[in-house]
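# Survey of secondary and tertiary structure
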Amino acid sequence: IKTYASGLTGVTTGSGNVTITDGNLIVASGHGIDFSATSDGANTATNIAELFDDYEEGTFTPSVSPASGSFSAVGTQLGFYTKIGRMVHVQISSTITTAGSASGTTTFTGLPFASASTGVIHTMMTCARETEVQGQNDEVIMSRDVSSIVVLGPHYGNGAVYSINFIYRAET
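Figured I'd write up the structure that's included with this text. A quick note: this is a predicted structure, and the numbers were derived from the prediction, not measured. (Residues numbered from 1 in each chain as written. Predicted model: local features only at pLDDT ≥ 70, side-chain atom pairs only at ≥ 80, totals over all residues. Heavy atoms only, no water.)

## Quick notes on the overall build of the chain
Counting its secondary structure elements, the chain contains 0 helices and 13 strands. Taken across its 172 residues, the chain has 27% of its residues classed as buried. Taking all contacts inside the chain whose residues are at least 6 apart in sequence as the whole, residues at least 24 apart take part in 61%. (Helix = DSSP H or I, 4+ residues; strand = E, 2+ residues; numbered from the N terminus. Buried < 20%, exposed > 50% of the residue type's maximum accessible area, 1.4 Å probe, protein only. Contact = heavy atoms within 4.5 Å.)

This is the structure we're talking about:
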């Protein structure tokens, strides 16, 4: 940090540290905080990156559809996410007002980031919980290079509300 005769307002340095007493630290696009001095992965680990260059929080509106038939009425669809590096933490709340002729799996589209196109298939070790009608858990899966998830064996019913929480690795 370069300081000038008048100094920097709200910033102090000393003992190798920088303290910001007021305001935000803004890092230029394409840059981040470099942790390469602490390359301390396990003996079998390969570091892909030690640059923390992405953090984002937001909301989205997922779309929901059954594999067969259709919902007669869909209620509120809410999505929240936090992206830290390439890991995306997602919460979805979905209301199916009237199940209609819906059957089979249920797909939620419109996730904020596409899943990674390489690596493991993103089978979730989490579940969707239908909280208002039958109160049962369902498995959630995600494939490579998609912006959607699939709920396996959903429990359809009028007034069903799904609470879905999961984490996936984004492409970028």
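Read on for the rest.
## Overview of the packing of aromatic side chains
On inspection of all chains with the given rule, the structure shows 4 aromatic pairs. Each ring, one from Phe71 and one from Tyr156, has its centre 5.8 Å from the other, and the planes form 65 degrees; the classification is edge-to-face. With a gap of 85 residues between them, Phe71 in the loop between strand S6 (63-68) and strand S7 (77-84) and Tyr156 in the loop between strand S12 (148-152) and strand S13 (160-169) connect regions that are remote in the sequence. Of the two residues examined, Phe71 and Tyr156, each falls in the buried class. Taking the ring centre of Phe113 as reference, the NZ or CZ of Lys83 above it sits at 5.0 Å. (Phe/Tyr/Trp six-rings, centres within 6.5 Å; stacked < 30°, edge-to-face > 60°. Lys NZ or Arg CZ within 6 Å of the ring centre and 35° of its normal.)

## Remarks on a nonpolar patch on the surface
Taken together, the side chains of Ile33, Phe35, Phe52, Tyr55 and Ile84 define a hydrophobic patch exposed on the protein surface, amounting to about 460 Å² of accessible area. Take Tyr55: its relative accessible area is 46%, and that puts it in the partly exposed class. (Patch = residues over 30% accessible without salt bridge, like charges linked within 9 Å, V, L, I, M, F, W, Y side chains within 5 Å. Areas by Shrake-Rupley, 256 points an atom, 1.4 Å probe, with all protein chains shown as cover. Salt bridge = Lys/Arg side-chain N within 4 Å of Asp/Glu carboxyl O.)

## Overview of the pattern of salt bridges
Applying the stated criterion across every chain, the model contains 1 salt bridge. Asp54 is the salt-bridge partner of Lys83, the closest N and O atoms lying 2.5 Å from each other. One end of the pair, Lys83, is in strand S7; the other, Asp54, is in the loop between strand S4 (51-52) and strand S5 (55-60), and 29 residues separate them in sequence.

## Quick look at the nonpolar core
With 25 residues, the main nonpolar core has Val90, Ile92, Leu111, Ile149, Ile164, Phe166 and Tyr168 as its most contacted residues. Only strand S8 (87-96), strand S11 (137-142), S12 and S13 provide two or more residues apiece to this core. With 5 residues, S13 is the largest single contributor of residues to this core. (Core = buried A, V, L, I, M, F, W, Y, C linked by side-chain atoms within 4.5 Å.)

## Considering the environment of Gly30
Following the sequence through the fold, Gly30 ends up in the loop between strand S2 (17-20) and strand S3 (33-34). Looking at Gly30, the relative accessible area reads 67%, which means it is exposed. For the pair Gly30 and Asp54, spaced 24 residues apart in the sequence, the C-alpha separation amounts to 9.0 Å.

## Points about the side chain of Thr106
Relative to the helices and strands, Thr106 resides in strand S9 (residues 103-109). Classification of Thr106 by relative accessible area gives buried; the value is 4%. Among the polar contacts made by the side chain of Thr106, one reaches the side chain of Tyr156 at a distance of 2.5 Å. When near neighbours in sequence (up to four residues on either side) are disregarded, Thr106 contacts Val64, Ser65, Pro66, Phe71, Ile149, Val150, Val151, Pro154 and Tyr156. (Polar contact = N/O pair within 3.5 Å; in protein donor to acceptor, adjacent residues only side chain to side chain.)

## Structural notes on the pairing of S8
Burial along S8 is one-sided: the face carrying Val88, Val90, Ile92, Ser94 and Ile96 is buried and the face carrying Met87, His89, Gln91, Ser93 and Thr95 is not. As defined by bridge partners, S7 adjoins S8 across 8 bridges and the pair is classed as antiparallel. In the sheet register, Gln77 faces S8, and the bridge partner there is Ser94. What sits between S7 and S8 in their antiparallel hairpin is a turn of 2 residues, with Gly85 showing a positive phi close to 65 degrees. When S8 meets S13, the two strands line up antiparallel, connected through 10 bridges. Within the sheet, the bridge partner assigned to Ser94 lies in S13 and is Tyr162. (Pairing = 2+ DSSP bridges.)

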